[in-house]
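These are the residues of each chain, in order.
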Amino acid sequence: MEIKTLGVSCSKCKKLSERTERVAKELGLTYCLEKVTDLEEIMSYSVMTTPTLIVDGVIKASGNVPSEYELKEILKEA
Amino acid sequence: MFIFEWINSQVLRMDWLSDLVRFFIQNILGQDMDMKVVASIHFFIYDVIKIFILLTVLVFVISYIQSYFPPERTKKILGNMSGLKAKFVAALLGTLTPFCSCSSIPIFMGFTNSGLPVGVTFSFLISSPLVDLASVILLASIFNWTIALLYVGAGIVLSIMGGLIIHILNMDKYVEGFVTEHRIEDSKKIILTRKDRLSYSFEQVKEVFLRVWVYVLIGVGIGALIHNWIPEDMIIMMIGQEHWWSVLLATVFGIPIYADIFGTLPIAEAFVNKGVGLGTSLSFMMSATALSIPSLVMLKRVVKMPLLVLFTLIVTTGIIIIGYLFNNFSYLVI
């Protein structure tokens, strides 16, 4: 599973990365997590709000940090 | 009219809370409210609780409304307009943007990339930190409705003028190249259910609360200090009404500060109570919230120096003008 978090060094973005990692570990997934901070690359995903969570190329959340429960659902589905 | 007054004093100003805290301090702790320390403690407890209550309720309600106006929608609405009308609507929609400043840069890039003129985008960018629904209600709570509405009016006019000047001076060429180089497809819309909106609003409250509580404590603390400990003469000597430099000093002092409206309002309130001009106090508040070193550093990554300097100049000048206007005409509204 390929997980990406987009965001430029703000507290919300850090929180998203941390929380996602924690939930992914808890679910015992095999994954790689990439934190995208480059503005040009963020733009290429055509999102207008950060932080953004992308799982296997699909935007799953944008502009907010999902709760652990929601993250579990998102990662289980993917 | 009676109901209106009751809402103002009990719901917005929370006079009941002030009385409750006073009762607690006087009758349960047995302290004398005439003592300076006790009065400071009263002000601190009352203001902190009041701001926390307002913050929680407001952020929840506003986040819910905001979930209907994601930037993608704003972009679409603005794309169909032009000229002054576009800037006006951009400034209005700026009041409805989410709280986190970390989104302002992606929004800027998304708007500019889709072909919106830089002037319109800046109208949006100026109004978004300066005026939001929460600040209006808080201003109404601490001062009154006339002042709150005038503040919104001033903020929106400033945003429109800022966008207009940037448009007239043809600043489009000072946006970093990569922002407009490749046309980006619109992202797929995420469809939200009511449950999503509620959980989003709840998360927002949690997030904003954790982010600003320290600033609120510091802000109210400084407010309490000014309120009871710093001699009025000293403050008046520095930034009193009659000095021509007061507004200037307050604005420049506020620029580097990175603060939230929730933290700066108690300071502004304490200033006004000490006899500092309303305009001077609002100028400090506006420049502390609208301009900050971190946000300018972020903006620098997407626009070139001339545009960044122009933006800072416009906003600073605008805030100073608003300050002088409020100082000179505040006798009409207080």
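So, how was this worked out
Along each chain, the written sequence defines residue order, and numbers are assigned to residues from 1. Here every chain gets a letter starting at A, and every ligand a number starting at 1, in the order they are written. Reporting of local features is limited, given that this is a predicted model, to residues whose pLDDT is at least 70; pairs of side-chain atoms are given and counted only at 80 or more, and all residues count toward the totals for whole chains, interfaces and linings. Numbering goes from the N terminus for both helices and strands, where a helix is a DSSP run of H or I of at least four residues and a strand is a run of E of at least two. The atom set for the radius of gyration is the C-alpha atoms, and the globule formula is 2.2 Å times the number of residues raised to the power 0.38. Three classes are used. A residue is buried when 20 or more other C-beta atoms lie within 10 Å of its own, exposed when 12 or fewer do, and partly exposed in between, with C-beta atoms placed from the backbone. Contact criterion: two residues are in contact if their C-beta atoms, reconstructed from the backbone, are within 7 Å. Note that the arc is defined by the directions from the helix axis to the C-beta atoms. By this rule, a helix spans an expected 1.5 Å times one less than how many residues it contains. Each residue gets a pLDDT score, which is the predictor's confidence in that residue and runs from 0 to 100. Each axis is a line fitted through C-alpha atoms, and for a helix only the stretch in contact is used; angles between axes span 0 to 180 degrees, taken between their N-to-C directions. Angular relationships are summarised with four words: roughly parallel below 35 degrees, roughly antiparallel beyond 145, roughly perpendicular across 65 to 115, and oblique for the angles in between. Crossing handedness: left-handed means the near helix sits turned counterclockwise from the far one by under a right angle, and right-handed means the same turn made clockwise. Ten residue types, Ala, Val, Leu, Ile, Met, Phe, Trp, Tyr, Cys and Pro, are classed as nonpolar, four, Asp, Glu, Lys and Arg, as charged, and the remainder, Gly among them, as polar. In short, DSSP must find at least two bridges between two strands for them to pair.

Here's the deal with the overall build of chain A
Scanning chain A from terminus to terminus reveals 3 helices and 4 strands. By the compact-globule yardstick of 12 Å for 78 residues, chain A fits well, its C-alpha radius of gyration being 11 Å. Expressed along its principal axes, the backbone C-alpha trace of chain A runs to roughly 30 × 20 × 15 Å. Sorting the 78 residues of chain A into buried and exposed places 37% on the buried side.

What to know about the overall build of chain B
On a plain count of helices and strands, chain B comes out with 17 helices and 0 strands. With the principal axes as the frame, chain B shows a C-alpha extent of 70 × 50 × 40 Å. Within chain B, contacts between residues separated by at least 24 positions form 84% of all contacts whose residues are at least 6 apart in sequence.

Describing helix 4 (residues 71–79) of chain B
Residues and elements named next belong to chain B. Along helix 4, the positions that sit buried rather than exposed are Pro71, Glu72, Thr74, Lys75 and Leu78. The buried side chains of helix 4 occupy one side of the element, clustering within an arc of 160 degrees when seen end-on. For helix 4, the exposed residues set more than 90 degrees away from the buried face come down to Arg73 and Lys76. Structurally, helix 4 contributes buried residues whose contacts are with helix 5 (83–94), helix 6 (104–113) and helix 7 (118–130).

Quick look at helix 9 (residues 145–168) of chain B
The terminal C-alpha atoms of helix 9 of chain B, which comprises 24 residues, lie 34 Å apart, in line with the 34 Å expected from a rise of 1.5 Å per residue. Two residues or fewer past helix 9 of chain B, Asn170 of chain B is found with a positive phi of approximately 55 degrees.

Overview of the confidence of the model for chain B
Of the residues in chain B, 95% reach a pLDDT of 70 or more, and the chain-wide mean stands at 84. Prediction confidence for the complex, expressed as pTM and ipTM, is 0.82 and 0.77 respectively.

Some remarks on the packing of helix 2 (residues 15–28) of chain B against helix 3 (residues 36–66) of chain B
Residues and elements named next belong to chain B. Where helix 2 contacts helix 3, the two axes come as close as 9 Å, and the packing angle between them is 140 degrees. By the angle between their directions, the pair helix 2 and helix 3 is classed as oblique. As helix 2 packs across helix 3, the resulting crossing turns out to be right-handed. Residues Leu17, Ser18, Val21, Arg22 and Ile25 of helix 2 touch helix 3, and the partners they reach there are Val38, Ile41, His42, Ile45, Tyr46, Ile49 and Lys50. In terms of residue class, the contact of helix 2 with helix 3 is built from 8 nonpolar, 2 polar and 2 charged.

Digging into the pairing of strand 3 (residues 52–55) of chain A
Residue and element names in this part refer to chain A. Where strand 1 (residues 2–6) and strand 3 come together, 4 bridges link them in antiparallel fashion. Counterpart to Thr5 in the pairing with strand 3 is Leu53. In this structure, strand 3 lies alongside strand 4 (residues 58–62), joined through 4 bridges in antiparallel fashion. If you follow Leu53 over to strand 4, its bridge partner there is Ala61. Two successive antiparallel strands, strand 3 and strand 4, enclose a turn made up of 2 residues, where Asp56 displays a positive phi of approximately 45 degrees.

Looking at unusual backbone geometry
All names here are of chain A. For the bond from Thr50 to Pro51, the omega torsion is -5 degrees, close enough to zero to count as cis. Despite not being glycine, Asp56 shows a phi value in the positive range, around 45 degrees. Structurally, the position occupied by Asp56 is in the loop between strand 3 and strand 4.

Quick notes on the interface of chain B and chain A
The partner chain A presents 23 residues to the 28 residues of chain B that form the contact. Elements with a minimum of two residues in the side of chain B that touches chain A: helix 4, helix 6 and helix 11 (194–228) of chain B. Among the elements that make up the side of chain B that touches chain A, the one with the highest residue count is helix 6 of chain B (6 residues). Grouping the constituent residues of the side of chain B that touches chain A by class yields 15 nonpolar, 5 polar and 8 charged.

A word on the sheet that holds strand 2 (residues 32–36) of chain A
Residues and elements named next belong to chain A. Sheet architecture is open: 4 strands sit in the order 2-1-3-4, paired in mixed fashion. A strand with exactly one partner marks an edge of an open sheet, and here the two such strands are strand 2 and strand 4. Averaged over all adjacent pairs, the angle separating strand axes in this sheet is 20 degrees, with direction ignored. Examined bridge by bridge, strand 1 and strand 2 share 5 bridges and lie parallel to one another. Across the sheet, the residue bridging to Lys4 is Glu34, located in strand 2.

Description of the packing of helix 1 (residues 11–26) of chain A against helix 3 (residues 68–77) of chain A
Think of two packed helices as two axes; the pair is described by the angle between the axes and how far apart they sit. Residue and element names in this part refer to chain A. For the pair helix 1 and helix 3, interaxial distance at closest approach is 10 Å and the crossing angle is 60 degrees. Classed by the angle they form, the pair helix 1 and helix 3 counts as oblique. Between helix 1 and helix 3 lies a crossing of right-handed hand. Across from Arg19, Thr20, Val23 and Ala24 in helix 1, the residues of helix 3 making contact are Glu68, Leu71, Lys72 and Leu75. Broken down by class, the residue content of the contact of helix 1 with helix 3 amounts to 4 nonpolar, 1 polar and 3 charged.

Structural notes on the environment of Gly221 of chain B
Mapped onto the secondary structure, Gly221 of chain B falls in helix 11. The sequence separation of Gly221 of chain B and Val48 of chain B amounts to 173 residues, and the corresponding C-alpha distance is 9.1 Å.

Observations regarding the environment of Ile77 of chain B
Residues and elements named next belong to chain B. Along the chain, the position of Ile77 falls in helix 4. Residue classification places Ile77 among the partly exposed residues on the basis of 14 C-beta atoms within 10 Å. Distance from Ile77 to Leu93, taken between C-alpha atoms, is 9.7 Å for residues 16 residues apart in sequence.

Some words on the environment of Val11 of chain B
Residues and elements named next belong to chain B. Structurally, the position occupied by Val11 is in helix 1 (residues 2–12). Taking the number of C-beta atoms within 10 Å as the measure of exposure, Val11 has 13 and is therefore partly exposed. Between the alpha carbons of Val11 and Ser141 there is a distance of 8.4 Å; along the sequence they are 130 residues apart.

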